Amino acid sequence: MLTGSSTFQANFPNLFPLGGVRIEFDALSAIFSLATAIVAVPAAIYGIGYSAHGPSSRTVQIAWPLLVWSVMMVPAAGSVTGLIAFWELMALSSLVLVLAEHHHNVEARSAAQWYAAMTHLSLLAIVLALVVLAHQAGGDSFTAVRAGAGDLSPATASVVFLLSLVGFGAKAGVVPLHVWLPRAHPEAPSHVSAMMSGAMVALGVYGLVRVGWDLLGGGPTWWGAVVLAIGLASAMFGILHALLSSDLKRLLAYSTTENMGLVFIGVGAAGMFASSGNRSLASVALAASMLLVINHAAFKGLLFLGAGSILSATGTRDLDRLGGLARRMPVTAATFAIGSLAIAALPPLNGFVSEWLLLQSLVHSLPSNAAVVAVAMPVAVAVVALTGGLAAATFVKAFGIGFLARPRSEGAAAAHEVSLSMRTALVGSAATVLAIGLVPGPVAAFVTPALV
């Protein structure tokens, strides 16, 4: 299902004291690096205007490049030591950024506590899984781990997989390890929220695919079934809470849990198909998941930047206190509308491409000789279709209440369009969403080398 072939390798044996750092950049790494770049470039441009007069702009300016660099380096790590080191740097820099506005935002402190607890639970599980793998393989590099994975007993391999699922699932914000995400993402500066929600959480998917389906080489059907079940629960839980939320940034954070749930559905289905012998369909399901990772980075980054513009212009992110912003903030309104249509998976925008491909992979698995596949796939089809409808309702609500009708607060009535750098970032992100939706072929071609 994965090629595992490296296109670039480099060793830095003296960079860290124990195992150094080994870089292996392959097709799977490239997918997540592209997703990061899609968010990081407009977010950096946006941050110029957003942080110019912020009380914590110095903190953000120091920690922001560390976050971007570490998120880029996690998928490029080719050894256990490197992955753990970059993962912890990513966790610490993002924690600092969540705390960046704590002087005037009490909620940021509570959110940071939740995030610190969950991110270190995640790290503990990941370290345990990778140390077991490295010990059994007798080497620190991923090449050695792949070679030694065949010697693992089924029980040991399953323990490593479950530890990886806990560790990487917590970072992805899937149920039941999601508790930090709707607390932490809304309290960070908005361009940081875009980076965390659009790119950082996707590395939970990367870690699970890298360990479970690349280093371990896949496993029994129940591995995929567990991932699929978690995806189904996360998709429904996330979109229902988003639909009920009146805090715009919290709504977007819950939506991230839903989107990561959809990705997990694709990854879990791919694992089930591969273990039952249908590797072609497994590749289609995994391709849909990887496309959704890239598309999610584009439209979720756009929506968080739009939410930041609203917060900057009105001083609130409470939808019940907004209204009338379409006339006062036309660029923000137009770009937020594009993001809303994309995340609702409506054609011809980019969200439609990946969700349609995911549905096609699930539908074409039926009928199946494997009982668990025959039972799980109709449920998965129903959940994906239902979450699509609920997502449309959620973002009709968000756009309608926020941008239409009359202003419902003084801040909304006095709102005006944001600075040039912020508008430039919004337009650039919206253009990416439109381009991928209208011409998905190049992105699909970019994804396919990671698949067999």
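Since the structure is predicted, the reported quantities are computational estimates derived from the model, not experimental observations. (Residues numbered from 1 in each chain as written. Predicted model: local features only at pLDDT ≥ 70, side-chain atom pairs only at ≥ 80, totals over all residues. Heavy atoms only, no water.)

Novice: I would appreciate a short explanation of the overall build of the protein in the present structure.
Specialist: If you tally the helices and strands in the protein, you get 19 helices and two strands. Seen along its three principal axes, the alpha-carbon backbone of the protein occupies a region of about 65 × 55 × 35 Å. By the burial criterion, 60% of the 452 residues in the protein qualify as buried. Long-range contacts, defined as pairs at least 24 residues apart, comprise 80% of the intrachain contacts of the protein with a sequence gap of at least 6. Approximately 15,900 Å² of the protein is accessible, and the part contributed by carbon and sulfur atoms is 69%. (Helix = DSSP H or I, 4+ residues; strand = E, 2+ residues; numbered from the N terminus. Buried < 20%, exposed > 50% of the residue type's maximum accessible area, 1.4 Å probe, protein only. Contact = heavy atoms within 4.5 Å. Areas by Shrake-Rupley, 256 points an atom, 1.4 Å probe, with all protein chains shown as cover.)

Novice: Where do I start with the nonpolar core in this structure?
Specialist: For soluble globular proteins, nonpolar side chains are generally found buried alongside one another. Phe32 and Ile265 are the most contacted members of the largest nonpolar core, which has 155 residues in total. Ranked by residues supplied to this core, first place goes to helix H12 (residues 279–314) with 21 residues. If near-sequence neighbours (up to four positions away) are discounted, Ile265 is found in contact with Leu228, Gly231, Leu232, Ala235, Leu362, Ala380, Val383 and Val384. (Core = buried A, V, L, I, M, F, W, Y, C linked by side-chain atoms within 4.5 Å.)

Novice: How should the side chain of Ser164 be read in this particular structure?
Specialist: Inspection of the secondary structure assignment puts Ser164 in helix H6 (residues 154–172). Look past the residues within four positions of Ser164 in its chain and what remains in contact with it is Ala129, Gly169 and Val211.

Novice: Looking at this structure, how should I read the pattern of salt bridges?
Specialist: Two side chains carrying opposite charge are able to pair once their charged atoms lie near each other. Tallied over the entire structure, the rule returns eight salt bridges. Residue Asp214 pairs with Arg210 through a salt bridge whose shortest N-O separation is 2.6 Å. You can see Asp214 and its partner Arg210 sitting in helix H9 (residues 202–215), four residues apart, about one turn around the helix. For Arg210, a relative accessible area of 3% corresponds to the buried category. Notably, a salt bridge pairs Arg250 with Asp247, separated by 3.4 Å at the nearest N-O pair. Exposure remark for Asp247: the relative accessible area of 15% places this residue in the buried category. Each of Glu24, Asp26, Arg146, Arg210 and Asp214 takes part in salt bridges that share partners, so that together they form one network. (Salt bridge = Lys/Arg side-chain N within 4 Å of Asp/Glu carboxyl O.)

Novice: Looking at this structure, how should I read the packing of aromatic side chains?
Specialist: Two descriptors summarise a pair of aromatic rings, namely the distance from one centre to the other and the angle between the planes of the rings. In this structure the tally under the stated criterion is 12 aromatic pairs. Ring plane angle 85° and centroid distance 5.5 Å describe the contact between Trp69 and Phe86, whose orientation is recorded as edge-to-face. With a gap of 17 residues between them, Trp69 in helix H2 (residues 57–73) and Phe86 in helix H3 (residues 80–98) connect regions that are remote in the sequence. Classification of Trp69 by relative accessible area gives partly exposed; the value is 44%. (Phe/Tyr/Trp six-rings, centres within 6.5 Å; stacked < 30°, edge-to-face > 60°.)

Novice: Got a minute to help me understand a nonpolar patch on the surface in this structure?
Specialist: Residues Leu434, Leu438 and Val439 make up a contiguous nonpolar surface patch of about 260 Å² in total accessible area. Within the element layout of this structure, Val439 appears in the loop between helix H18 (420–438) and helix H19 (441–447). (Patch = residues over 30% accessible without salt bridge, like charges linked within 9 Å, V, L, I, M, F, W, Y side chains within 5 Å.)

Novice: When you look at the side chain of Arg317 in this model, what are you seeing that I'm missing?
Specialist: Structurally, the position occupied by Arg317 is in the loop between H12 and helix H13 (325–328). In this structure the side chain of Arg317 is engaged in a polar contact, spanning 2.8 Å, whose partner is the side chain of Glu187. (Polar contact = N/O pair within 3.5 Å; in protein donor to acceptor, adjacent residues only side chain to side chain.)

Novice: It is not clear to me how the environment of Phe161 should be interpreted in this structure. Could you clarify?
Specialist: Looking at where Phe161 falls in the secondary structure, it is placed in helix H6. It is 9.4 Å that separates the C-alpha atoms of Phe161 and Trp213, two residues lying 52 residues apart in sequence.

Novice: Can you help me understand the packing of helix H4 (residues 106–137) against H6 in this one?
Specialist: When two helices pack together, their arrangement is given by the angle between the helix axes and the distance between those axes. At a minimum axis distance of 8 Å, the contact between H4 and H6 shows a crossing angle of 155°. Put simply, H4 runs roughly antiparallel to H6. Like other packed secondary-structure pairs, H4 and H6 cross with a definite hand, here left-handed. Here H4 contributes Tyr115, Met118, Thr119, Ser122, Ala125, Ile126, Leu128, Ala129, Val132 and Leu133 to the contact with H6, which in turn contributes Thr156, Val160, Leu163, Ser164, Val166, Gly167, Phe168, Ala170 and Lys171. Looking at the contact of H4 with H6 residue by residue, the class counts come to 13 nonpolar, five polar and one charged. (Axes fitted to C-alpha atoms, helices over the stretch in contact; angles between N-to-C directions. Parallel < 35°, antiparallel > 145°, perpendicular 65-115°, else oblique. Left-handed = near helix turned anticlockwise from the far one by under 90°. Nonpolar A, V, L, I, M, F, W, Y, C, P; charged D, E, K, R; others polar.)

Novice: Looking at this model, I keep getting lost on unusual backbone geometry. Mind explaining?
Specialist: Negative phi characterises most residues that are not glycine, and trans characterises most peptide bonds. Look at the link from Val175 to Pro176: it is a cis peptide, with omega at 5°. Locating Pro176 in the fold gives a position in the loop between H6 and helix H7 (181–187). We note that Ala345 has phi near 65°; this positive angle belongs to a residue other than glycine. The residue Ala345 is located in the loop between helix H14 (330–343) and helix H15 (350–363) in this model. Located in the positive-phi region is Ala405, a residue other than glycine, with phi close to 65°. Looking at Ala405, the relative accessible area reads 66%, which means it is exposed.

Novice: Would you take a moment to explain the packing of helix H10 (residues 221–244) against helix H16 (residues 371–403) for this structure?
Specialist: Viewed as axis vectors pointing N to C, H10 and H16 meet at an angle of 20°, and their least axial separation amounts to 9 Å. Of the possible angle classes, the one that applies to H10 and H16 is roughly parallel. Between H10 and H16 lies a crossing of left-handed hand. When the residues that make up the contact of H10 with H16 are grouped by side-chain class, the tally is 19 nonpolar, three polar and one charged.

Novice: Help me understand the environment of Leu121, please; the structure alone is not making it clear to me.
Specialist: In this fold, Leu121 is placed in helix H4. Between the C-alpha atoms of Leu121 and Gly167, which are 46 residues apart in sequence, the distance is 7.0 Å.

Novice: What is the right way to read the confidence of the model for the protein from this model?
Specialist: When pLDDT is low, close inspection of the predicted coordinates is not appropriate. Confidence along the protein averages 89 in pLDDT terms, with 93% of residues attaining 70 or more. Per-residue pLDDT, averaged within each element of the protein, yields its smallest value for strand E1 (residues 6–12) (67) and its largest for H14 (96). (pLDDT = per-residue confidence, 0-100.)

Novice: Could you clarify how one ought to interpret helix H5 (residues 142–149) in this entry?
Specialist: Three or four residues apart is the spacing at which side chains of an α-helix point the same way, because the helix has 3.6 residues per turn. For H5, the set of buried residues is Phe142, Val145, Gly148 and Ala149. The arc enclosing the buried residues of H5, seen along the axis, measures out at 130°, which places them on a common side. The secondary structure elements touched by the buried residues of H5 are strand E2 (21–26), H3, H4 and H9. (Arc of directions from axis to C-beta.)

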